[in-house]
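Residue-level structural notes
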Amino acid sequence: GNVIGYVADPAGAALQVRPGHDMADLQQVTQMLSLVASTGAPMPMLGDDWSRLLDLAFLSEEEPPIQPPGRFATMYTEEVKEKVKGLHAQLVQNLHKVSKLIESNNDRRASADGGVTRPFRQFDPKYLECS
């Protein structure tokens, strides 16, 4: 969410409590603003297609390993790779279903009260980012 309004003011959301002080010191403000700045960039969306990250080709014999093969390298058979990709596809499909259900519920509530109700999208996978 948008937290800059809380951390820009030294008297705002301080992360430490110190006797006799009612606001953050310079070091703490710098740390808070650094944290917000480094984590404030847009992240990939939860419902995006992540299947490219499931490419376990580095475990095949045709390509050199990206990382040294460890004790888990032999666990990834073709059957396991396909199962993982199938589970990912099912997850994305379920996220889209949940998103459509939330949208439908928002539309139903808005039509019931003449459009007064604001849509609730805070947990809609369509708008959630990964971090």
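See above for the structure.
Being a predicted model, the structure only gives us computed values, none of them experimental.

**Overview of the overall build of the chain**
Assigned secondary structure in the chain consists of 3 helices and 0 strands. The helix and strand sequence of the chain, counted from the amino end, reads α-α-α. Burial statistics for the chain: of 131 residues in total, 16% are counted as buried. Of the contacts made within the chain by residues no fewer than 6 positions apart, 52% connect residues no fewer than 24 positions apart.

**Observations concerning the packing of aromatic side chains**
The final tally for this structure, using the stated rule, is 1 aromatic pair. Each ring, one from F120 and one from F123, has its centre 5.8 Å from the other, and the planes form 50 degrees; the classification is tilted. Judged by its relative accessible area of 41%, F120 falls in the partly exposed class.

**Observations concerning the environment of S38**
The residue S38 is located in helix 2 (residues 26–39) in this model. Engagement of the side chain of S38 in a polar contact is seen with the backbone oxygen of L35, the distance being 3.1 Å.

**Re helix 2**
Given a rise of 1.5 Å per residue, 14 residues ought to cover 20 Å, and the 20 Å separating the end C-alpha atoms of helix 2 matches this to within 8%. Tucked into the core, helix 2 has its buried residues touching helix 1 (4–7).

**Looking at the pattern of salt bridges**
Overall, the coordinates contain 1 salt bridge when judged by the stated rule. In this structure, K126 and E103 form a salt bridge, with 3.3 Å as the shortest nitrogen-oxygen distance. Of this pair, K126 sits in the segment after helix 3 (78–112) while E103 sits in helix 3, and the two are 23 residues apart along the sequence.

**A look at the side chain of N106**
Locating N106 in the fold gives a position in helix 3. A distance of 3.1 Å separates a polar atom in the side chain of N106 from a polar atom in the side chain of R109. Filtering out sequence-adjacent residues up to four positions away, N106 remains in contact with P119, F120 and R121.

**Describing helix 3**
The end-to-end C-alpha separation of helix 3 is 51 Å, in line with the 51 Å expected for 35 residues at 1.5 Å each. Along helix 3, the residues classified as buried are K81, H88, V92, L95, S99, I102 and N106.

**Here we look at the environment of P10**
Considering the arrangement of structural elements, one finds P10 in the loop between helix 1 and helix 2. The exposure class of P10 is partly exposed, given its relative accessible area of 29%. Residues P10 and A24 lie 14 residues apart in sequence; the distance between their C-alpha atoms is 5.1 Å. Excluding residues that lie within four positions of it along the chain, P10 makes contacts with M23, A24 and V29.

What counts and what doesn't
Residues numbered from 1 in each chain as written. Predicted model: local features only at pLDDT ≥ 70, side-chain atom pairs only at ≥ 80, totals over all residues. Heavy atoms only, no water. Helix = DSSP H or I, 4+ residues; strand = E, 2+ residues; numbered from the N terminus. Buried < 20%, exposed > 50% of the residue type's maximum accessible area, 1.4 Å probe, protein only. Contact = heavy atoms within 4.5 Å. Phe/Tyr/Trp six-rings, centres within 6.5 Å; stacked < 30°, edge-to-face > 60°. Polar contact = N/O pair within 3.5 Å; in protein donor to acceptor, adjacent residues only side chain to side chain. Expected span 1.5 Å × (residues − 1). Salt bridge = Lys/Arg side-chain N within 4 Å of Asp/Glu carboxyl O.

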